[in-house]
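Structural features, examined
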Amino acid sequence: TEEERIATSLRSSQWHGISNPVLLSMHNTGHPIIFYGVIMGGVVLLQHLTNFLNVGISERRNVVFTLFILFQLFNAFNCRELGGESIFKGFNKNKIMALTFVGVFLSHIIMVQFLPKIFNLNPMSLSSFIKVTVVALGIIVVSETLKAVYRWFRKIKPIKIFVRTNDKLMKA
């Protein structure tokens, strides 16, 4: 029955003592990636449609492109720790990732600022680049906030849920 399916689903979804289905879905392996992808795609689309960063007309394409690239770079740090651990724990131990990040970041700056005609772009002003970087860093803020909430809930003893099935109480 539907009630048994729900009870089974709730039982099987408990992970590290968490029984909150919404919080749990955020920290199963595939869900954070989808969630962060929707945030990043939504912000990039919002910038494209509304120009909320208020950049000049000649910079708009480049700002959207740079926003996309920086979101991906910063999200790579989120992917280091898909569970509840902070991305800053052991941050200095992964030298290859840090070097890769710096290399891609510098390559993007060179491509956008010094070789824009090759890629059919216009150079960006420093203020536009700072705005884009701050917005893209937001993905780390969102991730760290969710992970902090997850760690906080993990410390709380889970609430037992009972579901009535065929006039019997089942522990979910």
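Coordinates for the structure precede this section.
Heads up: these notes are all about the structure in this document.

Parameters at a glance
Residues numbered from 1 in each chain as written. Predicted model: local features only at pLDDT ≥ 70, side-chain atom pairs only at ≥ 80, totals over all residues. Heavy atoms only, no water. Helix = DSSP H or I, 4+ residues; strand = E, 2+ residues; numbered from the N terminus. Polar contact = N/O pair within 3.5 Å; in protein donor to acceptor, adjacent residues only side chain to side chain. Buried < 20%, exposed > 50% of the residue type's maximum accessible area, 1.4 Å probe, protein only. Axes fitted to C-alpha atoms, helices over the stretch in contact; angles between N-to-C directions. Parallel < 35°, antiparallel > 145°, perpendicular 65-115°, else oblique. Contact = heavy atoms within 4.5 Å. Nonpolar A, V, L, I, M, F, W, Y, C, P; charged D, E, K, R; others polar. Phe/Tyr/Trp six-rings, centres within 6.5 Å; stacked < 30°, edge-to-face > 60°.

1. So, the side chain of Ser-128
- In this structure, Ser-128 sits in helix H6 (residues 126-155).
- For Ser-128, the side chain forms a polar contact with the side chain of Ser-125, separated by 3.0 Å.

2. Re unusual backbone geometry
- Backbone geometry places Asn-54, a non-glycine residue, at a positive phi of 55°.
- Here Asn-54 is to be found in the loop between helix H3 (30-50) and helix H4 (60-80).
- Taking the relative accessible area as the measure of exposure, Asn-54 reaches 62% and is therefore exposed.
- You will see that Asn-120, though not glycine, has its phi angle at about 60°, which is positive.
- Counting through the fold element by element, Asn-120 comes out in the loop between helix H5 (95-114) and H6.
- What makes Asn-120 exposed here is its relative accessible area of 54%.

3. Points about the packing of H4 against H5
- Between H4 and H5, whose axes approach to 11 Å, the crossing angle comes to 180°. What the angle tells us is that H4 and H5 run roughly antiparallel. Facing H4, whose interface residues are Asn-62, Phe-65, Thr-66, Ile-69, Leu-70, Leu-73, Phe-74, Ala-76, Phe-77 and Arg-80, H5 presents Met-97, Phe-101, Val-104, Phe-105, His-108, Met-111 and Val-112.
- Per-class residue counts for the contact of H4 with H5 are 13 nonpolar, three polar and one charged.

4. Re the packing of aromatic side chains
- In the structure shown here, the tally under the stated rule is five aromatic pairs.
- Both rings, one in Phe-74 and one in Phe-101, keep their centres 5.7 Å apart while their planes meet at 35°; by these two values the pair is tilted. Within this pair, whereas Phe-74 is found in helix H4, its partner Phe-101 is found in helix H5, the two being separated by 27 residues in sequence.
- Put simply, the rings of Phe-74, Phe-77, Phe-101, Phe-105 and Phe-129 pair up and form one aromatic cluster.

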